[in-house]
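# Report on the structure
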Amino acid sequence: RAKVVALEEDLRKSRQEASNHQNLCHQLEKELKDLKDCEKQIMQKRSKTISDLLMSVSKAERQEARMKIRQDSLRLGNVGVIRAGTIISETWEDGQVLKDLNAYLKQLLETKEAVERQRKSLKKRQSDKGDGADTESGVHEEDLLIQDEIYKSRLASLKREEEVILRERDRYELEKGRLIREMKRIRDEDGSRFNNFPILNSRYSLLNLLGKGGFSEVYKAYDLVEHRYVACKLHGLNAQWSEEKKQSYIRHAIREYNIHKTLVHHHIVRLWDIFEIDQNTFCTVLEYCSGRDLDAVLKATPVLPEKEAKIIIVQIFQGLVYLNKRAQKIIHYDLKPGNVLFDELGVAKVTDFGLSKIMEDDVGSQGMELTSQGAGTYWYLPPECFELNKTPLISSKVDVWSAGVLFYQMLFGRRPFGHDQTQERILREDTIIKARKVEFPSRPSVSNEAKDLIRRCLTYNQAERPDVLTIAQDPYLTYSKR
Ligand code: AMP
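Residues numbered from 1 in each chain as written. Predicted model: local features only at pLDDT ≥ 70, side-chain atom pairs only at ≥ 80, totals over all residues. Heavy atoms only, no water.

### Notes on the overall build of the chain
Assigned secondary structure in the chain consists of 10 helices and 14 strands. At 34 Å, the chain has a C-alpha radius of gyration far larger than the 23 Å of a compact globule built from 482 residues. Along the three orthogonal principal directions, the C-alpha set of the chain runs to about 165 × 60 × 55 Å. By the burial criterion, 40% of the 482 residues in the chain qualify as buried. In the chain, once contacts between residues fewer than 6 apart in sequence are set aside, the share between residues at least 24 apart is 62%. By element, 52% of the accessible surface of the chain is carried by carbon and sulfur atoms, the whole surface being about 29,000 Å². The average position of the 80 basic charges and that of the 75 acidic charges among the side chains of the chain differ by 2 Å. (Helix = DSSP H or I, 4+ residues; strand = E, 2+ residues; numbered from the N terminus. Rg over C-alpha atoms; globule rule 2.2 N^0.38 Å. Buried < 20%, exposed > 50% of the residue type's maximum accessible area, 1.4 Å probe, protein only. Contact = heavy atoms within 4.5 Å. Areas by Shrake-Rupley, 256 points an atom, 1.4 Å probe, with all protein chains shown as cover. Lys, Arg positive; Asp, Glu negative; His and termini not counted. Charge placed at Lys NZ, Arg CZ, Asp CG, Glu CD.)

Here is the structure:
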């Protein structure tokens, strides 16, 4: 009996101990939860402080941008409204600086014409004198020669002045182009439904609008988890589409972006994340490139020195080589200046894989069927993409052609085929189907090696055109210490 009592006592103690442990556990769990809550609160507070700070900086930037526009408008011009009956349309009205420059040019031209007229009549007098008609007037031949020299020298100085003014006007025209783009950006920012500094997906603090494309808006944003700047591209779906079509579009886009997400290369813009915002909108989160894109660079300076153009095209080819060395090769299919971005150090990065194609494993050297004909930017696409009588087979050679066009444009300030034509005219006139041979302007002077590379890239026949991996071996594209 004494044993039973002892055992019961042990049991009671053990139960007591177990209960104590349990209480301790509960207490620890509660403390842990409190700690986590506290940590979460601190994190939330920290995130809020960061996003508040970024928001006030961005607000100041917005104010400054609008002030600058107002100031620049006075010099360079503004959008005016004209009314014709019930139709209201917008026109551009040049500012005072451009008006003054144009007036000055007009005056120079009038003076030039007046001097030229005088010179012409002088020449007539000279020839009359030669015929003996003016011998009685007492005008010496030397006087006429001196007078002619005076006119010639005046014309030369007018020409110099005109050149200076034209250069100045070109500079202002560039500034005007920048102003118009900035005005558009600000108007797009004001009209955007994301302009109120939202935090997307509890993580991305949206700041200022970088630009707007056809169906997308790109915002500079701050990633509150990874603590870095990113570019958030907000893709809007067409509101007219049926729910089924929208869902299928999103599924397709997610498949495409999941591939882009796996691309990790120095010369390819990283895709960090993708998520749905609502039924009509989704967002891709991209590496932020703080430099200008190549399109903006070429608008400011249409011709680049060969050395600079070369290092850009070398980087683009390095990105393309990476795309072609993967198990699943990728055709970018939309290489153009706007899709080459620069980071703050000037490193070039290829972006926008919205039209890219994934080469399936069983595709032979001929290429794969092009199913989305009509997409892409025509100045940069090769002839095989315009074949209308059969579904064309395309391969990475599409990107080789586009890179050739890009390189040509950087060197000569114009595109090799259809430069002055609209996209619609390129299609209507079969410009690219007729692009059998590339011609080079005589100026600026460019090395023969560069021209040879362009000729190889712009080989008309797809079968004869080198693919990405072959063209990347071109000695012109390799840098090595001699
Ligand atoms: P898009 O719609 O792709 O043409 O882009 C619209 C604007 O956003 C252009 O001015 C681009 O230069 C800019 N942009 C696009 N992606 C990025 C990025 N990853 N980093 C910085 N700016 C970008």
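### Section: the side chain of Ser73
Counting through the fold element by element, Ser73 comes out in helix 1 (residues 2-76). For Ser73, the residues in contact, after removing those within four places along its chain, are Asn78, Gly95, Leu179 and Met183.

### Let's talk about the site of the ligand
If you check the shell around the ligand, you find 13 residues, and the closest are Lys233, Glu287, Cys289, Asp293 and Leu341. One of the side-chain nitrogen or oxygen atoms of Asp293 is found 2.8 Å away from an oxygen atom of the ligand. Alone, the ligand offers 480 Å² of accessible surface; in the complex the protein occludes 79% of this. Of all the secondary-structure elements, those providing two or more residues to the shell around the ligand are strand 4 (204-212), strand 5 (216-223), strand 6 (228-236) and strand 8 (281-287). Split into classes, the residues belonging to the shell around the ligand amount to seven nonpolar, three polar and three charged. (Near = heavy atom within 4 Å. Polar contact = N/O pair within 3.5 Å; in protein donor to acceptor, adjacent residues only side chain to side chain. Nonpolar A, V, L, I, M, F, W, Y, C, P; charged D, E, K, R; others polar.)

### Things to note about the confidence of the model for the chain
Across the chain, pLDDT averages 88, with 92% of residues at or above 70. Every residue in residues 370-374 is under pLDDT 50, and counting partners more than four places away or in other chains gives 12 contacts. (pLDDT = per-residue confidence, 0-100.)

### A few points about the pairing of strand 7 (residues 271-278)
For a regular strand, side-chain orientation follows a simple rule: the groups alternate between the two sheet faces. Bridging between strand 7 and strand 8 involves six bridges; their strand directions are antiparallel. In the strand pairing of strand 8, Leu271 is matched with Leu286. Here strand 7 hands over to strand 8 after two residues, the two strands then running antiparallel side by side. (Pairing = 2+ DSSP bridges.)

### Observations regarding the pattern of salt bridges
Counted according to the given criterion, the structure contains 36 salt bridges. The partner of Asp72 in a salt bridge is Lys68, with the nearest N and O atoms 2.7 Å apart. Placement of both Asp72 and Lys68 in helix 1 is noted, with a separation of four residues, approximately one turn of the helix. We note a salt bridge from Glu175 to Arg171, for which the minimum N-O separation is 3.9 Å. A residue pair is termed a helical-turn pair when its members lie 3 or 4 positions apart in one helix, as Glu175 and Arg171 do in helix 3 (residues 141-191) at four residues. On the accessibility criterion, Arg171 (45% relative accessible area) is partly exposed. One network of salt bridges, in which partners are shared, links Arg62, Arg66, Glu182, Arg185, Glu189 and Asp190. (Salt bridge = Lys/Arg side-chain N within 4 Å of Asp/Glu carboxyl O.)

### Overview of the sheet that holds strand 4
The six strands lie next to each other as 3-4-5-6-8-7, forming an open sheet whose pairing is antiparallel. Both edges of this open sheet fall to strand 3 (199-200) and strand 7, since each of them pairs with a single strand only. As paired strands, strand 3 and strand 4 are joined by two bridges and run antiparallel to one another. Each bridged residue has a counterpart across the sheet, and for Ile199 the counterpart in strand 4 is Ser205. Helix 3 rests against strand 4 and strand 5 of the sheet, and its axis sits at about 135 degrees to strand 4. Taken strand by strand, helix 4 (residues 243-261) contacts strand 6, strand 7 and strand 8, and its axis lies near 165 degrees from that of strand 7. (Axes fitted to C-alpha atoms, helices over the stretch in contact; angles between N-to-C directions.)

### What to know about the state of the cysteines
Summed over the entire model, instances satisfying the criterion amount to zero disulfides. Cys283 carries a free sulfur, and the closest cysteine sulfur to it, the one in Cys232, is 4.1 Å from it. Given the relative accessible area of 0%, Cys283 is considered buried. Cys232 supplies the cysteine sulfur nearest to Cys289, a cysteine that is in no disulfide, at a spacing of 14 Å. Owing to a relative accessible area of 10%, Cys289 belongs among the buried residues under this scheme. (Disulfide = S-S within 2.5 Å.)

### Looking at helix 6 (residues 306-325)
Taking 1.5 Å of rise per residue, 20 residues should cover 28 Å, and helix 6 covers 28 Å from first to last C-alpha, within 8% of that figure. Buried residues dominate helix 6, accounting for 14 of its 20 residues. (Expected span 1.5 Å × (residues − 1).)

### Quick word on the nonpolar core
With 62 residues, the main nonpolar core has Leu294, Ile313, Ile316, Phe407 and Met410 as its most contacted residues. Both of domain 2 (199-287) and domain 3 (303-477) provide at least three residues apiece to this core. With 19 residues, the next largest nonpolar core counts Leu76, Tyr151, Leu155 and Ile186 among its residues. (Core = buried A, V, L, I, M, F, W, Y, C linked by side-chain atoms within 4.5 Å. Domains from an automatic or database assignment.)

### Quick word on the domain arrangement of the chain
Taken domain by domain, the chain consists of domain 1 (92-130 + 138-190), domain 2 (199-287) and domain 3 (303-477). On a C-alpha basis, the centres of domain 1 and domain 2 stand 51 Å from each other. Taken together, the contact between domain 1 and domain 2 spans four residues of the former and five residues of the latter. Remark: the boundary between domain 1 and domain 2 carries zero salt bridges. Seen at the junction of domain 1 and domain 2, the total is two residue pairs in polar contact (both at pLDDT 80 or more). Across the side of domain 1 that touches domain 2, the residue classes break down as no nonpolar, no polar and four charged.

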